[in-house]
Amino acid sequence: MKLQQATAADIPLIQDLARRSWENAYADILSKEQMEFMLSEMYSEKEILHHFQNPNYHYYLIQDENNNTCEGFIGYEHNYEEETTKLHRIYLVPESKGKGFGKGALQFLNEKVSENGNNRIILNVNKYNSARNFYESQGYRVYDEGVFDIGNGFVMDDFLMEYLIHR
């Protein structure tokens, strides 16, 4: 496994990976309308370019060196809150789940967060997404929950999770 820093040239790949992952992860959780709305808003070229312009926001492609394939991506933002990095997105295509890519990407994130001097990672996970179990297996814990209006009559009903990095 290798993580390669993404560039603006990778936006179409990020969009494709997001769609492939979401269609699997959220098929039984979100309506088709909400999924399309969120993908079009959160993964528009304009939105991702905006992230690339933020020096604290980083995208990395998760690559399988053995097959020379891209299995997913991770997007995070250092100093989102004081001494806190927010994991905005980590998605794997369905066929790559269970192969250690997610675990490896979170270990990579821990290193990047430590290097940056942050000591906490936060994320939101849909209350009905089984990914919560994965995060808990990696040491994350739920510290709150929230319902967030994302527009167009849709909401995100999430658990807020955190991981504390001990130095």
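Not measured: the values here are computed from a predicted model. (Residues numbered from 1 in each chain as written. Predicted model: local features only at pLDDT ≥ 70, side-chain atom pairs only at ≥ 80, totals over all residues. Heavy atoms only, no water.)

K.L.:
Can you help me understand the nonpolar core in this one?
P.N.:
Within soluble globular proteins, side chains that are nonpolar generally end up buried alongside one another. Of all hydrophobic cores here, the largest spans 23 residues; its most connected members are Ile 14, Trp 22, Tyr 26, Tyr 43, Tyr 59, Leu 61 and Phe 73. Within the residue set of this core, elements represented by two or more residues are helix H1 (11-25), helix H2 (32-42), strand S2 (57-64) and strand S3 (69-81). If you tally residues by element for this core, the top one is H1, at six residues. Beyond its immediate sequence surroundings of up to four residues, Leu 61 is in contact with Lys 2, Leu 3, Gln 4, Ala 6, Asp 10, Leu 13, Ile 14, Leu 17, Cys 70, Gly 72 and Phe 73. (Core = buried A, V, L, I, M, F, W, Y, C linked by side-chain atoms within 4.5 Å. Buried < 20%, exposed > 50% of the residue type's maximum accessible area, 1.4 Å probe, protein only. Helix = DSSP H or I, 4+ residues; strand = E, 2+ residues; numbered from the N terminus. Contact = heavy atoms within 4.5 Å.)

K.L.:
In this structure, what is going on with the packing of aromatic side chains? I would like to understand it.
P.N.:
Any pair of aromatic rings gets described here by the distance separating the centres and the angle formed by the planes. Per the counting criterion, the structure on display carries 14 aromatic pairs. Pairing Phe 37 with Phe 154 gives two aromatic rings, centres 5.5 Å apart and planes at 40 degrees, and the pair type is tilted. One end of the pair, Phe 37, is in helix H2; the other, Phe 154, is in strand S7 (residues 154-164), and 117 residues separate them in sequence. Judged by centre distance (5.3 Å) and plane angle (25 degrees), the ring pair of Tyr 57 and Tyr 59 falls under stacked. (Phe/Tyr/Trp six-rings, centres within 6.5 Å; stacked < 30°, edge-to-face > 60°.)

K.L.:
Hey, could you run me through the pattern of salt bridges in this one?
P.N.:
Tallying each qualifying case throughout the model produces 12 salt bridges. Taking the shortest distance from any N to any O, the salt bridge between Asp 16 and Arg 20 comes out at 3.6 Å. Highlighted residues: Asp 16 and Arg 20, both in helix H1, separated by four residues, approximately one helical turn. With a shortest N-O distance of 2.8 Å, Glu 145 and Lys 127 are connected by a salt bridge. Taken as a pair, Glu 145 in strand S6 (residues 141-151) and Lys 127 in the loop between strand S5 (120-126) and helix H5 (131-137) lie far apart in primary sequence, 18 residues in all. Here the salt bridges share partners, and the residues they tie into one network are Arg 19, Glu 23, Lys 32 and Glu 36. (Salt bridge = Lys/Arg side-chain N within 4 Å of Asp/Glu carboxyl O.)

K.L.:
I'm lost on the pairing of S7 in this one. Help?
P.N.:
Two faces, one strand: in a regular strand the side chains alternate between the faces of the sheet. Where S5 and S7 come together, seven bridges link them in antiparallel fashion. Of the residues in S7, the one forming a bridge with Val 125 is Phe 159. In textbook terms, the turn of a hairpin is the stretch between consecutive antiparallel strands, and for S6 and S7 this stretch comprises two residues, one of which, Asn 152, has a positive phi near 60 degrees. (Pairing = 2+ DSSP bridges.)

K.L.:
Sorry if this is basic, but what is going on with the sheet that holds S7 here?
P.N.:
In a beta sheet, neighbouring strands are held together by backbone hydrogen bonds and run either parallel or antiparallel to one another. With mixed pairing, the seven strands of this open sheet are ordered in space as S1-S2-S3-S4-S5-S7-S6. Of all the strands in the sheet, the pair left with one neighbour each is strand S1 (2-5) and S6. Averaged over all neighbouring strand pairs, the angle between strand axes comes to 30 degrees, with direction disregarded. Relative to strand S4 (residues 84-92), S3 runs antiparallel, the two sharing seven bridges. Of the residues in S4, the one forming a bridge with Tyr 76 is Leu 87. Where H2 meets the sheet, it contacts S4, S6 and S7, and its direction lies at approximately 60 degrees from that of S7. Sheet contacts for helix H3 (residues 45-53): S2 and S4; angle to S2, the most-contacted strand, approximately 105 degrees. (Axes fitted to C-alpha atoms, helices over the stretch in contact; angles between N-to-C directions.)

K.L.:
Even after reading the chapter, I still don't get the packing of H1 against H3, so can you show me in this structure?
P.N.:
A pair of packed helices is characterised by two quantities: the angle between their axes and the separation of those axes. Remark: H1 packs on H3, axes separated minimally by 10 Å, with the N-to-C direction vectors making an angle of 115 degrees. In the packing of H1 onto H3, the handedness of the crossing is right-handed. Here H1 contributes Ile 11, Ile 14 and Gln 15 to the contact with H3, which in turn contributes Glu 45, Ile 48, Leu 49 and Phe 52. Across the contact of H1 with H3, the residue classes break down as five nonpolar, one polar and one charged. (Left-handed = near helix turned anticlockwise from the far one by under 90°. Nonpolar A, V, L, I, M, F, W, Y, C, P; charged D, E, K, R; others polar.)

K.L.:
Looking at this model, I keep getting lost on the side chain of Asn 126. Mind explaining?
P.N.:
Tracing the backbone through its elements, the reader meets Asn 126 in strand S5. By relative accessible area, Asn 126 is classed as buried at 11%. In contact with Asn 126, other than residues within four places in its own chain, are Tyr 26, Ile 29, Leu 30, Asp 157 and Asp 158.

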